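Spelled out, the chains give:
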Amino acid sequence: MARNLGIDLGTTNSCISYLDGAKTAIIPTNEGSRIIPSVVSINREKQHVFGQVARRQLLSNSRDTIWGIKRLMGRKFQSPEIQAFRRQVAYEIVEATNGDAHVRFAGRVRSPEEISGIFLDYLHRLAREYLNEEIADTVITVPAFFNDAQRQSTKTAAHLAGLKVSRIINEPTAALIAYNEQLNRDGLYAVYDLGGGTFDISIVEFKEEIFKVRSTIGDTFLGGSDFDARVIDWIVQTASEELQQSLKPDDQTHQRIAQAAEKAKIELSHHEEALVTIPYLMHRSGNEAYHFQRKLTRTELEHATSNLVERTIGLVQRALDEINVPAAEIEQVILVGGQSRMPLVSRRLNELFGKPPQSKLNPEEVVAKGAALQSEILRGRVKDLLLLDVTPLSLGVEAKGDKFEKIIERNSTIPLKRSRVFTTINDNQQVVKINVLQGERELASENRSLGEFTLVGIPLAPKGIPQIDVGFEIDANGIVKVSAKDKQTGITQSMKIQPASGLSPEEIERIVEESNRFREQDMQRLHLTQLRENLERETETVRFFLENHTEKIDLAGQSEIRSLLGKVAKALQGEDAALLSRLLERVQKQRNRINSQLMSEFES
Ligand code: AMP
């Protein structure tokens, strides 16, 4: 079978994921890199080059090396964002006849969709070659703030790359999907995404399996490269001091400094100190080589970049304020984007939210992984995946009259525990049967029985007196334990079941749909069963009186009761609810008469 893909099409970097068995995996480039710079360039042979290879040409072929194309998607040339971005890039951004921002690449004006399409085509090829399979559907992620035009542009780009897009989803939502096993309850989640060039904070509501972005704020010019710039400044300043002359690096030197700066910055996420070494940084007067070598500490880096982190924290606060939600109400904070690995980020978020942020999954891969999961959920191959955190269908037991007594409603978040007290339906009943059911229908017999067990040894008592506590317990893996306990004696019986197995999302949908369709009909049948039971019970009393106290009823009365009992017996064979209900009324009248007769005898 052809594979599905999840693609995180990032401003700085992209990532491709797919499902390998039950787990998400990443498709590496031929150079073994799991993260692919979103860069397209052209080499001397006039062939397109991509990713790391293209990025290396940023200096040598700057006018034909397109990076950050995502910033141009669906945007007008005259917009302030594009005007600001133009100053940062060496390639040419031009105004198309319709006012859109286009670029000049390899001598031709191209739309951002075309450039993105060329890049996505490369990702498509990488995936096909790596998996040695055709690609079926793809889910692509976009920032939550992307408008329709930007989403449409992304789709067009994918289409140009020959990819079939089954859905475009929001990046923060994808990150949460990847964390689905840990989303053990409905609530609000914060996704903090600090990438190479952009920052986004989104507050996402997860409710009844549905994700809804409640607020999202971004700064399209705040990311890892700003952190790098602070380290670059430090290197230039330190070198200038050592050289006692101001260092004015040319492009090539600047590139080497930038690489050393990023390397040190990343190292300081894991170590307290980093040694920044740039051999042959320049020549001193007298042609003496100058090698830069200085220690940079984490504290120094934090000091130099703390206002950048504070800017993100300010935006997080704004995103919360916009929906009037205090930070403490957020269930979890999820980290996305390479720069979010900086320890200062975690510390500040911990201070704000009162809980450490989640970074169990690689922040640079988590969005692609979520997209891959979503692509498989859409084709129904990932069973119960999103539903794992909730019970996909209601659970309960069979009660008197074929009634399904729900104890756990569908979509309840797990793990959970619920119980309900039941009683016996017959006098001196010593055994109760617990039939564990799953489904949405009102009638027990129309639902799926997951198994049954009996509780034996209930002490002799009139019906309705014993108290049987039926408890359901579902653990985080969806395993259900059902127990029944006689409260008086403490006798307990239980069984374990795994109810969700084998149900695809489609099956669940069908079951829910059927329950809605049959609700009316089920209720009628339930009503009929209850009517019958009541009628049988009331008739029994009247018959008992007739047979045992015949002398107390006059002849006319006797024949009236007999004829009524005959009609009842016949009606009980049929399904005429109106007739049964009329007869029940008549039988009840007889019983009331007998009751009052007995009462007056007793009083007299
Ligand atoms: P992304 O766009 O999500 O791939 O993020 C790329 C940015 O994350 C770049 O600026 C990297 O320098 C930065 N980055 C990657 N790993 C780390 C790390 N361990 N600590 C700090 N920044 C990092």
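Every value quoted in this text rests on a predicted model; they were computed, and no experiment measured them.

This paragraph deals with the overall build of the protein chain. Helix and strand counts for the protein chain come out as 13 helices and 26 strands. Its C-alpha atoms give the protein chain a radius of gyration of 36 Å, more than 25% over the compact-globule value 25 Å for 604 residues. Along the three orthogonal principal directions, the C-alpha set of the protein chain runs to about 135 × 50 × 40 Å. Relative to its full complement of 604 residues, the protein chain shows a buried share of 50%. The long-range share in the protein chain, meaning contacts at least 24 apart out of those at least 6 apart in sequence, stands at 63%. Summed over all atoms, the accessible surface of the protein chain reaches about 29,500 Å², with 47% contributed by carbon and sulfur.

The next subject is helix α10 (residues 366-378). Compared with an ideal rise of 1.5 Å per residue, which puts 13 residues at 18 Å, α10 spans 18 Å between its outermost C-alpha atoms and is within 8% of the ideal. Taking burial as the measure, the 13 residues of α10 include twelve buried ones, the bulk of the element. Buried residues of α10: Val366, Val367, Ala368, Lys369, Gly370, Ala371, Ala372, Leu373, Gln374, Ser375, Glu376 and Ile377, and no others. The first or second residue beyond α10 is Gly380, which carries a positive phi of 80°.

Another aspect to go through is the confidence of the model for the protein chain. Considering every residue of the protein chain, the mean pLDDT works out to 89; 94% of them sit at 70 or more. Under a pLDDT of 50 for its full length, residues 383-389 has, in the predicted model, 27 contacts with residues more than four places off or in other chains.

Taken domain by domain, the protein chain consists of domain 1 (3-222 + 306-389), domain 2 (395-502) and domain 3 (520-603). One C-alpha centre belongs to domain 1, the other to domain 3; they are set 72 Å apart.

To continue, consider the site of the ligand. Taken together, 15 residues are adjacent to the ligand, and Asn13, Glu262, Lys265, Ser269 and Glu364 come closest. The separation between an oxygen atom of the ligand and a polar side-chain atom of Glu262 is 2.6 Å. Between the ligand and Lys265, the relevant distance is 2.7 Å, taken from an oxygen atom to a side-chain nitrogen or oxygen of the residue. Coverage of the ligand by the protein amounts to 90% of the 500 Å² it exposes when considered alone. Take the shell around the ligand: its biggest share by element is three residues, from helix α7 (residues 251-267).

A separate point is the packing of helix α5 (residues 171-178) against α10. Remark: α5 packs on α10, axes separated minimally by 7 Å, with the N-to-C direction vectors making an angle of 80°. The orientation of α5 with respect to α10, classified from their angle, is roughly perpendicular. Residue-level contacts link Glu171, Ala174, Ala175, Ile177 and Ala178 of α5 to Val366, Val367, Lys369, Gly370, Ala371, Leu373, Gln374 and Ile377 of α10. Split by residue class, the contact of α5 with α10 holds nine nonpolar, two polar and two charged.

If you walk across this open sheet you meet the four strands as β15-β14-β13-β18, and the pairing is mixed. Either end of the sheet is taken by a strand with one partner, and the two such strands are β15 (210-219) and β18 (330-336). Recorded for the sheet is a direction-independent mean angle of 20° between the axes of neighbouring strands. When strand β13 (residues 187-194) meets β18, the two strands line up parallel, connected through six bridges. Residue Tyr189 lies in a different strand from β18, and its bridge partner there is Gln332. Where helix α9 (residues 343-353) meets the sheet, it contacts β13 and β18, and its direction lies at approximately 165° from that of β18.

Our next topic: the packing of aromatic side chains. Following the criterion strictly, the structure yields eight aromatic pairs and no others. When the ring of Trp67 is compared with that of Phe85, the centres are 5.5 Å apart and the planes differ by 80°; the resulting orientation is edge-to-face. One end of the pair, Trp67, is in strand β7 (residues 66-67); the other, Phe85, is in helix α2 (residues 80-86), with 18 residues separating them in the sequence. One aromatic cluster is present, formed by Phe50, Phe119 and Tyr122 through successive ring pairs. Above the ring of Phe221, the side-chain terminus of Arg71 is found at 4.5 Å from the ring centroid.

Turning our eyes to something else, we now look at the environment of Glu113. Within the secondary structure, Glu113 is located in helix α3 (residues 112-131). Exposure remark for Glu113: the relative accessible area of 16% places this residue in the buried category. Measuring from C-alpha to C-alpha, the distance between Glu113 and Arg519 comes to 50 Å, with 406 residues separating the pair along the chain. If we skip the residues at most four places from it in the chain, Glu113 touches Met73, Ser153, Thr156, Ala157 and Leu160. A polar contact is formed between the side chain of Glu113 and the side chain of Ser153, at a distance of 2.8 Å.

Bringing the environment of Ile118 into the picture now. Among the secondary structure elements, Ile118 is positioned in helix α3. Along the primary structure Ile118 and Ala157 are separated by 39 residues, whereas in three dimensions their C-alpha atoms are 8.0 Å apart. Non-local contacts of Ile118, meaning those with residues more than four positions away in its chain, are made with Val40, His48, Phe50 and Arg110.

Before going further, it helps to spend a moment on the nonpolar core. In this structure, Tyr192, Ile201, Ile235, Phe292, Ile330 and Phe353 are the most contacted members of the largest nonpolar core, which totals 51 residues. Non-local contacts of Tyr192, meaning those with residues more than four positions away in its chain, are made with Phe199, Asp200, Ile201, Thr312, Val316, Ile334, Leu335, Val336, Ser340, Val345 and Leu349. In this structure, Val89, Ala101, Val142 and Leu163 belong to the second largest nonpolar core, which totals 42 residues.

On to the pattern of salt bridges. Pairs can form between side chains of opposite charge whenever their charged atoms are close. Applying the stated criterion across every chain, the model contains 32 salt bridges. Here Arg214 ties to Glu205 by a salt bridge, and the two come within 3.5 Å at their closest N and O atoms. Note that Glu405 is salt-bridged to Arg420, the shortest N-O span being 2.7 Å. Here Arg420 lies in strand β21 (residues 416-422) and Glu405 lies in strand β20 (residues 403-408), a separation of 15 residues in the sequence. Of the residues examined, Arg420 reaches a relative accessible area of 30% and is grouped as partly exposed.

Our focus in this paragraph is the pairing of strand β12 (residues 164-170). Put simply, side chains in a regular strand alternate between the two faces of the sheet. As judged from the six bridges shared by strand β11 (residues 135-142) and β12, these two strands associate in the parallel manner. Across the sheet, the residue bridging to Ile140 is Ile168, located in β12. Regarding topology, helix α4 (residues 148-160) serves as the crossover connection from β11 to the parallel β12, and that connection is right-handed.

Let's shift gears to the sheet that holds strand β6 (residues 48-50). The three strands are arranged β6-β5-β7 in an open sheet whose pairing can be described as antiparallel. With one partner strand each, in any of the chains shown, β6 and β7 form the two edges of the open sheet. Bridge count for strand β5 (residues 39-42) against β6 is three bridges, and the pairing is antiparallel. Paired with Ile42 across the strands is His48, a residue of β6. Sitting on the sheet, α3 touches β5, β6 and β7, and the angle it makes with β6 is about 70°.

Across the interface, helix α6 (residues 224-243) lies against helix α8 (residues 298-322) with an axial gap of 10 Å and an inter-helix angle of 145°. The interaxial crossing formed by α6 with α8 has right-handed handedness. Within the contact between the two elements, α6 uses Asp226, Phe227, Arg230 and Val231 and α8 uses Leu301, Ala304, Thr305, Asn307, Leu308 and Val309. Residues that form the contact of α6 with α8 fall into these classes: six nonpolar, two polar and two charged.

Criteria and thresholds
Residues numbered from 1 in each chain as written. Predicted model: local features only at pLDDT ≥ 70, side-chain atom pairs only at ≥ 80, totals over all residues. Heavy atoms only, no water. Helix = DSSP H or I, 4+ residues; strand = E, 2+ residues; numbered from the N terminus. Rg over C-alpha atoms; globule rule 2.2 N^0.38 Å. Buried < 20%, exposed > 50% of the residue type's maximum accessible area, 1.4 Å probe, protein only. Contact = heavy atoms within 4.5 Å. Areas by Shrake-Rupley, 256 points an atom, 1.4 Å probe, with all protein chains shown as cover. Expected span 1.5 Å × (residues − 1). pLDDT = per-residue confidence, 0-100. Domains from an automatic or database assignment. Near = heavy atom within 4 Å. Polar contact = N/O pair within 3.5 Å; in protein donor to acceptor, adjacent residues only side chain to side chain. Axes fitted to C-alpha atoms, helices over the stretch in contact; angles between N-to-C directions. Parallel < 35°, antiparallel > 145°, perpendicular 65-115°, else oblique. Nonpolar A, V, L, I, M, F, W, Y, C, P; charged D, E, K, R; others polar. Pairing = 2+ DSSP bridges. Phe/Tyr/Trp six-rings, centres within 6.5 Å; stacked < 30°, edge-to-face > 60°. Lys NZ or Arg CZ within 6 Å of the ring centre and 35° of its normal. Core = buried A, V, L, I, M, F, W, Y, C linked by side-chain atoms within 4.5 Å. Salt bridge = Lys/Arg side-chain N within 4 Å of Asp/Glu carboxyl O. Right-handed = clockwise from strand over helix to strand, strands pointing away. Left-handed = near helix turned anticlockwise from the far one by under 90°.

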